[in-house]
Amino acid sequence: MADWLTAILLGLVEGLTEFIPVSSTGHLLLLGHFLGFESTGKTFEIVIQLGALLAIISVYFKRLWTLATRWPFDPAARRFLIGLIVAFLPAAVIGFFAYGFIKTVLFETPLVICIALIVGGLLLLWLDRVDKFPVYLDADRYPMRIYFLIGLFQCLAMIPGVSRSGATIAGGLLLKTDKRSAAEFSFFLALPTMGAAVAYDLFKNRDVLDFSDFGLIAVGFVAAFLTALVVVRFLLDFVSKRGFGPFAWWRIVVGVAGIVGLAVTGAL
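Note that the structure is a prediction, hence the values are computed from the model and not measured. (Residues numbered from 1 in each chain as written. Predicted model: local features only at pLDDT ≥ 70, side-chain atom pairs only at ≥ 80, totals over all residues. Heavy atoms only, no water.)

Colleague: Explain the overall build of the protein chain residue by residue, including any values.
Modeller: When helices and strands are counted, the protein chain shows twelve helices and zero strands. Counted from the first residue to the last, the protein chain has its helices and strands arranged as α-α-α-α-α-α-α-α-α-α-α-α. For the protein chain, whose C-alpha radius of gyration is 18 Å, the value lies close to the compact-globule estimate of 18 Å for 268 residues. Referenced to the eigenvectors of the C-alpha coordinate spread, the extents of the protein chain come out at roughly 50 × 40 × 35 Å. (Helix = DSSP H or I, 4+ residues; strand = E, 2+ residues; numbered from the N terminus. Rg over C-alpha atoms; globule rule 2.2 N^0.38 Å.)

Colleague: Pulling in residues and values, what's your account of the packing of helix α11 (residues 214-242) against helix α12 (residues 245-264)?
Modeller: Where α11 meets α12, the closest approach of the two axes is 9 Å, and the angle between their N-to-C directions is 95°. With respect to their mutual orientation, α11 and α12 come out roughly perpendicular. In this structure, α11 uses Leu235, Phe238, Val239 and Arg242 to contact α12, whose residues at the interface are Gly245, Pro246 and Phe247. Looking at the contact of α11 with α12 residue by residue, the class counts come to five nonpolar, one polar and one charged. (Axes fitted to C-alpha atoms, helices over the stretch in contact; angles between N-to-C directions. Parallel < 35°, antiparallel > 145°, perpendicular 65-115°, else oblique. Contact = heavy atoms within 4.5 Å. Nonpolar A, V, L, I, M, F, W, Y, C, P; charged D, E, K, R; others polar.)

Colleague: Break down the UniProt feature "transmembrane region" (unreviewed entry) in the protein chain for me, with residues and values.
Modeller: UniProt's entry tags residues 6-31, 43-61, 81-102, 109-127, 147-175, 182-203, 215-236 and 248-267 with the feature "transmembrane region" (unreviewed entry), counted in the numbering of this structure. Measuring from the first to the last C-alpha atom of residues 81-102 gives 28 Å, for a span that is 95% helix and 0% strand. Helix makes up 100% of residues 182-203 and strand 0%. Its end C-alpha atoms lie 31 Å apart. (UniProt positions renumbered as here; feature names shortened; annotations may be inferred.)

Colleague: Residue-level account of helix α5 (residues 75-97), with values.
Modeller: Taking 1.5 Å of rise per residue, 23 residues should cover 33 Å, and α5 covers 33 Å from first to last C-alpha, within 8% of that figure. In this fold, the buried residues of α5 make contact with α4 (61-70), α6 (99-104), α8 (144-154) and α10 (179-204). The backbone nitrogen of Ala76 has a side-chain oxygen 3.0 Å away, supplied by the residue at the start of α5, namely Asp74. (Expected span 1.5 Å × (residues − 1). Polar contact = N/O pair within 3.5 Å; in protein donor to acceptor, adjacent residues only side chain to side chain.)

Colleague: Got a sec to walk through the pattern of salt bridges? Specific residues and values, please.
Modeller: One pass over the full model with this rule turns up six salt bridges. Across the pair Arg63 and Asp140 runs a salt bridge, and its minimum N-O distance is 3.0 Å. Of the two residues, Arg63 is situated in helix α4 and Asp140 in the loop between α7 (110-129) and α8; the sequence distance between them amounts to 77 residues. Residue Asp128 pairs with Lys179 through a salt bridge whose shortest N-O separation is 3.3 Å. Highlighted residues: Asp128 in helix α7 and Lys179 in helix α10, separated in sequence by 51 residues. Looking at Lys179, the relative accessible area reads 24%, which means it is partly exposed. Connected through shared salt-bridge partners, Arg63, Asp140 and Glu184 make up one network. (Salt bridge = Lys/Arg side-chain N within 4 Å of Asp/Glu carboxyl O. Buried < 20%, exposed > 50% of the residue type's maximum accessible area, 1.4 Å probe, protein only.)

Colleague: Help me get a handle on the nonpolar core, residues and values and all.
Modeller: Formed by 49 residues in total, the largest nonpolar core has its most connected members in Phe19, Tyr142, Phe185 and Phe187. No other element matches α10, which puts nine residues into this core. The contacts of Phe187, once residues within four sequence positions are left out, are Phe19, Ile56, Tyr60, Val232, Leu235 and Leu236. (Core = buried A, V, L, I, M, F, W, Y, C linked by side-chain atoms within 4.5 Å.)

Colleague: Provide a residue-level description of the environment of Gly255, including the pertinent values.
Modeller: Mapping Gly255 onto the fold places it in helix α12. Judged by its relative accessible area of 0%, Gly255 is buried. Sequence separation between Gly255 and Phe148 is 107 residues, and the spatial gap between their C-alpha atoms is 30 Å. When near neighbours in sequence (up to four residues on either side) are disregarded, Gly255 contacts Cys114, Leu117 and Ile118.

Colleague: So, the packing of aromatic side chains: which residues are in play, and what are the values?
Modeller: Aromatic ring pairs are reported here in terms of the distance separating the ring centres and the angle at which the planes meet. Overall, the coordinates contain 15 aromatic pairs when judged by the stated rule. Taking the centre distance of 5.5 Å and the plane angle of 55° together, the rings of Phe238 and Phe247 count as tilted. A relative accessible area of 29% places Phe238 in the partly exposed class. Three or more aromatic residues joined by ring pairs form one cluster here, namely Phe19, Tyr60, Phe80, Tyr136, Tyr142, Tyr147, Phe185, Phe187 and Phe188. (Phe/Tyr/Trp six-rings, centres within 6.5 Å; stacked < 30°, edge-to-face > 60°.)

Colleague: Give me helix α3 (residues 43-59): which residues, what numbers.
Modeller: For α3, built from 17 residues, the straight-helix expectation of 24 Å at 1.5 Å per residue is met to within 8% by its first-to-last C-alpha distance of 26 Å. With twelve of 17 residues buried, α3 lies mostly within the body of the structure. Inspection of α3 places Thr43, Phe44, Glu45, Ile46, Val47, Ile48, Gln49, Gly51, Ala52, Leu53, Ala55 and Ile56 among the buried residues, and these make up the whole buried set.

So, in structure tokens, the structure goes:
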């Protein structure tokens, strides 16, 4: 029963945190550390990300289908597709060459995650409060330079605890996009980035993958899908009205709690 509850909890955390700027990876790694949960070859942790990815595809299916079918003869669709590729490439290149360091050093150091959560929270608070005069209001029409620079910001998320969505949204705001379009572009950029990351993780761990606990994986997958579906549907309106302050404070609280927990358990 404990394993099933853990699978549901981790799935819920993945879905709730994947697309908001709080770092789903950081939350999963910290939670797994304190619960003593780690699947063979990280099979569970890798596969449930596909549940969150499926939520994006479900919500934006119509736009994605239009993009996929119209890009050969629609300049606007083709331009946005090229923009996504441009934004994706920096993470693809750095992730490929730094994969070993990221997985064996950064992902195995809970203190790094906690510090990244706190620092990222403070930066989000600052970004949320400074005066901003957005110039780019439509994610489909960012200049190529903005797509590329947002892609560079996304690379910061290779440090667990930084948050992929947080890095791309913060980068967008610094580059004079508005909150809503920055969050929306983060959704679209998640598709190639997460898809490639999951595929590469599965390939690198192919010799140690363990699907014997298929039931637990399925439960985590469904929990991640359902909760991510809710987040994706309501996040844009939420950030348009409330900004990123609530997420910033959540990051700080979790980061501080994580450091306290590591100190109490002697893991610092």
